[in-house]
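Chains, contacts and geometry: an overview
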Amino acid sequence: MRSIDWKKIKGFIFDLDGVVYRGNKPIITATKKINELIKKNYKVTFLTNNSTKSQKEFCKKIIKCGININSRFIITTSVATANFIAKKYKKGSNIYVVGSRALKNEIKRKKFKISKKNVKAVVAGLDTNINYEKITVASNILRKGKLLIATNPDKILPNEKGFQPGAGSIIQSIIEATGPKLKKIFIGKPNIFLIKEALKVMKLNKKNVVLVGDQLETDILAAKNFNMKSILVETGVPNNSKKIKASLKLKSLKNLFIE
Ligand SMILES: [Mg+2]
């Protein structure tokens, strides 16, 4: 992908973990730059593969980092996953969920029941209370041919101290326990569900928006899959892929100069 034609750009989509903050610690170079962009009237949305918080909780966290934003400009995999289920299954159906309270709440809000019995599909995301029992229940349902709806494939998450296991590590254990006939779909990046929702909220065309992320295999690949411009920042996870390239690579957002 070639460089960015700044005259065309009217908005930015920012990933959160590793771009705006690490754990509870804001990345000051990023928050400063994002505020500058907002002042210059660029439209800004935040988009996260992280399913552990509600839009309102993410909003509070972003405001605490020093960026004033409305929660509707935050697109989470919990919301996108619940939207996906609502399109695919009848209201009132039973869904088995391995995941956070926020994820379960979004699914309940769409009028689905969370249960182990007569299940239509299994949803899996980051669950900090994951255990052997949950993997057993999920894999036994999936072995009967039900669909695994996974929030996101990120294997690790950057935090204040270093890293912690991401949803992808939990989901992978369910996949391994189920066996080769598993049917699955990932809602988060590198799939493009979240980006489409973000563009809708911003009322902008993908040609006028740049996606900023810290992971080649999720953020930058999603932008590439959708033929969008992207910026890779080195403030989050380490990247090993040589195949995926961002339009621009920066040590930090401090180094972003719009000409
Ligand atoms: Mg990230």
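Residues numbered from 1 in each chain as written. Predicted model: local features only at pLDDT ≥ 70, side-chain atom pairs only at ≥ 80, totals over all residues. Heavy atoms only, no water.

**Digging into the domain arrangement of the protein chain**
The test is simple: For the domain bounds, the source is a domain assignment made automatically or taken from a database. Note on contacts: a residue pair qualifies if any of its non-hydrogen atoms lie within 4.5 Å across the two residues. The term buried area refers to how much accessible surface (probe radius 1.4 Å) is lost by two components on association, counted for both of them together. Think of a polar contact as two N or O atoms within 3.5 Å of one another; within protein, one of them needs to be a possible hydrogen donor and the other a possible acceptor, and neighboring residues in sequence only count if both atoms come from side chains. Counting from the N terminus, the helices are the DSSP runs of H or I reaching at least four residues and the strands are the DSSP runs of E reaching at least two.
Partitioning the protein chain into domains gives domain 1 (6–77 + 190–255) and domain 2 (78–186). Measuring from the centre of the C-alpha atoms in domain 1 to the corresponding centre in domain 2 gives 24 Å. Between domain 1 and domain 2, the residue contacts involve 27 residues of the former and 25 residues of the latter. Where domain 1 abuts domain 2, roughly 1900 Å² becomes buried across the two surfaces, and 55% of that area is made up of carbon and sulfur atoms. By the criterion of area lost to domain 2, the three top residues of domain 1 are Arg 22, Ser 51 and Thr 77, representing 27% of everything that side buries. Connecting domain 1 to domain 2 are 15 residue pairs in polar contact (both at pLDDT 80 or more). For the side of domain 1 that touches domain 2, the elements supplying multiple residues, two or more each, are helix H2 (55–64) and helix H7 (193–202).

**Concerning unusual backbone geometry**
To keep it simple, the criterion reads: Throughout, exposure labels follow a simple rule: accessible area from a 1.4 Å probe, protein chains only, divided by the maximum for the residue type, with under 20% read as buried, over 50% as exposed, and the rest as partly exposed.
Looking along the chain, the bond that leaves Lys 189 and enters Pro 190 is cis, with omega of 15°. Positionally, Pro 190 belongs in the loop between strand E12 (183–186) and H7. Look at Asn 118: it is not a glycine, yet its phi comes out positive at around 45°. Within the secondary structure, Asn 118 is located in the loop between strand E7 (113–114) and strand E8 (119–124). With a relative accessible area of 71%, Asn 118 lands in the exposed category. For Lys 203, which is not glycine, the phi torsion reads 55° and is therefore positive.

**Comments concerning helix H6 (residues 167–178)**
One turn of the α-helix equals 3.6 residues, which is why residues spaced by three or four share an orientation. Selection rule: Helices are assigned an expected span. That span is 1.5 Å times one less than the residue count. The arc in question is formed by the directions pointing from the helix axis toward the C-beta atoms.
When the terminal C-alpha atoms of H6 are compared, their 17 Å separation across twelve residues agrees well with the 16 Å that a helix rising 1.5 Å per residue should span. For H6, the set of buried residues is Ala 167, Gly 168, Ile 170, Ile 171, Ile 174, Ile 175 and Thr 178. Relative to the axis of H6, the buried residues are bounded by an arc of 160° and lie together on one face. Following H6 by one or two positions, Gly 179 adopts a phi angle in the positive range, close to 105°.

**Here's the deal with the coordination of the magnesium ion**
Basically, it comes down to this: Shown as donors are all N, O and S atoms within 2.8 Å of a metal ion, widened to 3.2 Å for Na, K and Ca; because water is not in the atom set, sites may appear incomplete.
Every protein donor of the magnesium ion is listed here as Asp 15 (OD), Asp 17 (O) and Asp 214 (OD), and their distances to the metal cover 2.0 to 2.2 Å. In primary sequence terms, the donor set of the magnesium ion follows D-x1-D-x196-D. With Asp 15 in strand E1 (residues 11–15) and Asp 214 in the loop between strand E13 (209–213) and helix H8 (216–225), this pair connects stretches of sequence that are 199 residues apart. Like Asp 214, Asp 15 is buried.

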